[in-house]
Every structure is written in C-alpha cells, then in structure tokens.
Amino acid sequence: MIAPALEYLCPPIIRFLIPQHYRIYTTGFVSIFIGAYYALSGLSYSCQRAFFMYIYKYICMLYGLKYNAMHSLCVSACIAFALHPYCIYNIGFILSYGMVFSLLIVGQLHPNVSYIHGNFLTFIAQIPWSYLFWQKLALLSPLANCIALPWLSYIILPCVLALIPISACNKELNKLLLQFIELQWQYLAKILTYISQFDIS
C-alpha cells in the first residue's frame, strides 16, 4: 500500500529536482523508504517482501533489464527463505507472499481494471487464504479496502511525508499537521471499527 502511494506521489517532485532518469531515482527512494520502514516495523515479512521486490526492480531498471513482478516475488521469497528457513511455517509469510501471488495472477488475467473492479478482484483473490486459515469469507474486506486504502495513501501518507521538511522549517505548522494526522487516524479507526461490527462471513 505504501509503495504504490509513494510511486504516485514522488515522481513529480523527483522529476522536478532530477529530470534525467527520475524513474530510477524514484524506485531507489521508495526502496530506501521501505527498507527504513521494514527496520522500524519489527522486520515483518510483508515489509521484507516489498523491500526485496523493490530492490530487484531497482536493479532491473539500473541495468536496463525487463522487470517481471512474478520473478521479483520469487526472488524475494528465496531471500526470505535463506534468511529464515522456518518462515514457510509462519502465517505472516504465507499470507503476504500468497496474497501477492494471487493478486499478480489476477492482475495478469484482468489488467487495467477500475478501482472498484480492482477491489472486487482483490476480494476474490483473498478467498482461498481466508478460508484456508479461518474457514470464513471476509465479505466486508472490499468495503474496508475501498475506504482505508485511499485514505491512507492519499491523505495520511502525504501528510507524514510533509512532516520531514516542515519539521525543520515551522514548528507551529508541524504541530498542526501532527494533530491533523492524528485526527485522520481516529476517524479512519472509528469507521473501520464500525464496519467490523457487522460480522458477515
């Protein structure tokens, strides 16, 4: 979620600062950002997967190689397995890599879909995994994704990124922005909590 949002927000800024090869610099920046987030988030498998996939993408762009997301996922899984041989028994590892594998398959079969259609396909892709582990169908997840993903990607995340330069320039504005981010988190949490009360499965 964070990586696609960064890829959407960063190119105009990086293109303005570094016109040549801005796509490579964008991918490099996103890789560094995810690497830092991976270290700060407790070394979760989902962040690890995203980090190694973006490093793979960066290397492909750097050397002019054709990038393949499925190959990237496989390379990331091999590195994760080399670092943690018992990760194949971890539910976080299975769900992270399994879900992305399912989404890549669905994306290859149905490219260039609308936002609503994409969320519906995401719901279809998660059915085997939710049923495998919990014997339930998460029927409310498409609605939660439709609300949470744009809220996080295009409201909260840009504000968090804006804190970096603002904190060095204006402490009052930095304080107001922090309050705004906290308020957005509270609203989003209330909405998602309300949705979760409807136990439809």
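The structure displayed is predicted, hence computed values, not measured ones. (Residues numbered from 1 in each chain as written. Predicted model: local features only at pLDDT ≥ 70, side-chain atom pairs only at ≥ 80, totals over all residues. Heavy atoms only, no water.)

Trainee: Which parts of the structure should I look at to understand the packing of helix H3 (residues 45-62) against helix H4 (residues 69-83)?
Mentor: Packed helix pairs are characterised by how far apart their axes lie and by the angle those axes make with each other. At a closest axis distance of 8 Å, the pairing of H3 and H4 adopts a crossing angle of 125°. Classified by the angle between their axes, H3 and H4 sit oblique to one another. Crossing handedness for the pair H3 and H4: right-handed. For the pair H3 and H4, the contacting residues are Gln-48, Arg-49, Phe-52, Met-53 and Tyr-56 in the first and Ala-69, His-71, Ser-72, Leu-73, Val-75, Ser-76, Ile-79, Ala-80 and Leu-83 in the second. For the contact of H3 with H4, a count of residues per class yields 9 nonpolar, 4 polar and 1 charged. (Axes fitted to C-alpha atoms, helices over the stretch in contact; angles between N-to-C directions. Helix = DSSP H or I, 4+ residues; strand = E, 2+ residues; numbered from the N terminus. Parallel < 35°, antiparallel > 145°, perpendicular 65-115°, else oblique. Left-handed = near helix turned anticlockwise from the far one by under 90°. Contact = heavy atoms within 4.5 Å. Nonpolar A, V, L, I, M, F, W, Y, C, P; charged D, E, K, R; others polar.)

Trainee: Sorry if this is basic, but what is going on with the environment of Pro-128 here?
Mentor: Considering the arrangement of structural elements, one finds Pro-128 in helix H6 (residues 115-134). The class of Pro-128 is partly exposed, set by a relative accessible area of 48%. (Buried < 20%, exposed > 50% of the residue type's maximum accessible area, 1.4 Å probe, protein only.)

Trainee: How do you make sense of a nonpolar patch on the surface when you look at a structure like this?
Mentor: Together, Ile-59, Leu-62, Tyr-63 and Leu-65 line one region of the surface with nonpolar side chains, adding up to about 430 Å² of accessible area. With respect to the helices and strands, the residue Leu-65 is situated in the loop between H3 and H4. Classification of Leu-65 by relative accessible area gives exposed; the value is 53%. (Patch = residues over 30% accessible without salt bridge, like charges linked within 9 Å, V, L, I, M, F, W, Y side chains within 5 Å. Areas by Shrake-Rupley, 256 points an atom, 1.4 Å probe, with all protein chains shown as cover. Salt bridge = Lys/Arg side-chain N within 4 Å of Asp/Glu carboxyl O.)

Trainee: Help me understand the side chain of Ser-76 in this model?
Mentor: Of note, Ser-76 is situated in helix H4. If sequence neighbours within four positions are ignored, Ser-76 has contacts with Gln-48, Arg-49, Phe-52, Met-53 and Tyr-97.

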